[in-house]
Amino acid sequence: MLTPLYFDILRTIIYENTGIVFEEKKSYFVENRVKEHMEELGISSLKDYIFKLKKDKNILRDFISKITVNETYFYREYYHLKALAFLVQKENFGFPIRILSIPCSTGEEPYSIAIVLSEVLINPLNFEITGVDIDKNAIIKAKQGIYSKRSISKLPSQYLKKYFIEINNERWQIKDTLKKRVKFYEGNVLDRIFLKGLGKFHYVFCKNLLIYFDNKARLKAVNNLYDITAEGGYLFLGHAESISNSTALFEPVKVEGTIVYRKVTEEEDEEF
Ligand SMILES: C[S@@+](CC[C@H](N)C(=O)[O-])C[C@H]1O[C@@H](n2cnc3c(N)ncnc32)[C@H](O)[C@@H]1O
């Protein structure tokens, strides 16, 4: 049984390394993951395990992989893909259009974006998509691009035929032509230096992550994303993740019936 003290030490490690806040009621979840990890490592004392977590980056990465929630699927929150399709045809950012999906989990979101853009852009070489997630195992799966029935259940069947190879009745693999359009990296949205190294993006998808953060981590993430969003670029957040009350860096705009956030440039800000 995880004592309150040990739970507190573990959730502090999680928060400092990911921004994710675990409340007391989630103690059992952390406990189960820790137990499983300790068994895998052959460690029987919690004190030794915590010592290893703090000292060994690879053990920490494995732990983070265990406690992250990777829930995602193709064409999730389709209204945002529709808004993106509208914007790429209306805005004139020049080419290639650069899109970031952070967190990308196992890849369904960036590949969905790649499908939509392949359908609406005349030249498929006109876009570059980057997927980033803190979970190293999610990134390995994203690079493999093999998906279950559950992952593709919302994907229109014509796109399944066009962009996937059927391995068997249960599994489909993304075709290489689409795979080449997406680059994946293990990384943290709170790591400013890492993010800056990726360059600037015209569209940033940061969906279903900030909901797990507290205000401090949320603001840090939004500040980091502001820095890597191109002038006039757009931020897409999950439906429960409004930032309009906490920052003026992005302004909400309605696109195709949904809210997305447009980067407020320094000049625009000075007008007020
Ligand atoms: C629920 S999934 C969201 C995936 C996708 N954006 C979607 O909406 O379907 C949340 C992901 O956030 C990742 N994550 C958690 N903390 C992170 C951080 N600090 N930086 C980057 N990714 C993080 C997790 O590994 C997990 O894959």
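Quick caveat: nothing in here was measured; it's all calculated off a predicted structure.

**Q** Before we move on, can you summarise the site of the ligand with the specific residues and values?
**A** Taken together, 21 residues surround the ligand, and among them Thr72, Pro103, Asp133, Asn188 and Asn208 come closest. Between the ligand and Lys207 there is a distance of 2.9 Å, counted from a nitrogen atom to a backbone nitrogen or oxygen. For the ligand, whose free accessible area comes to 610 Å², the fraction covered by protein is 98%. Taken together, the residues of the shell around the ligand break down into seven nonpolar, eight polar and six charged.

**Q** So, the sheet that holds strand β8 (residues 229-237): which residues are in play, and what are the values?
**A** Judged by pairing direction, the sheet is mixed, and its seven strands sit side by side in the order β6-β2-β1-β7-β8-β10-β9 without closing on themselves. Lying at the two open borders of the sheet, with one neighbouring strand each, are β6 (182-186) and β9 (250-255). The average undirected angle you get between the axes of adjacent strands in this sheet is 25 degrees. Here strand β2 (residues 127-133) pairs with β6 via five bridges, running parallel. By the bridge assignment, Thr130 is partnered in β6 with Lys183. Seen against the sheet, helix α11 (residues 215-227) touches β7 (201-206), β8, β9 and β10 (258-263) and runs at an angle of roughly 140 degrees to β8.

Cut-off values and rules
Residues numbered from 1 in each chain as written. Predicted model: local features only at pLDDT ≥ 70, side-chain atom pairs only at ≥ 80, totals over all residues. Heavy atoms only, no water. Near = heavy atom within 4 Å. Polar contact = N/O pair within 3.5 Å; in protein donor to acceptor, adjacent residues only side chain to side chain. Areas by Shrake-Rupley, 256 points an atom, 1.4 Å probe, with all protein chains shown as cover. Nonpolar A, V, L, I, M, F, W, Y, C, P; charged D, E, K, R; others polar. Pairing = 2+ DSSP bridges. Helix = DSSP H or I, 4+ residues; strand = E, 2+ residues; numbered from the N terminus. Axes fitted to C-alpha atoms, helices over the stretch in contact; angles between N-to-C directions. Contact = heavy atoms within 4.5 Å.

Nothing here speaks to function; it is geometry throughout.
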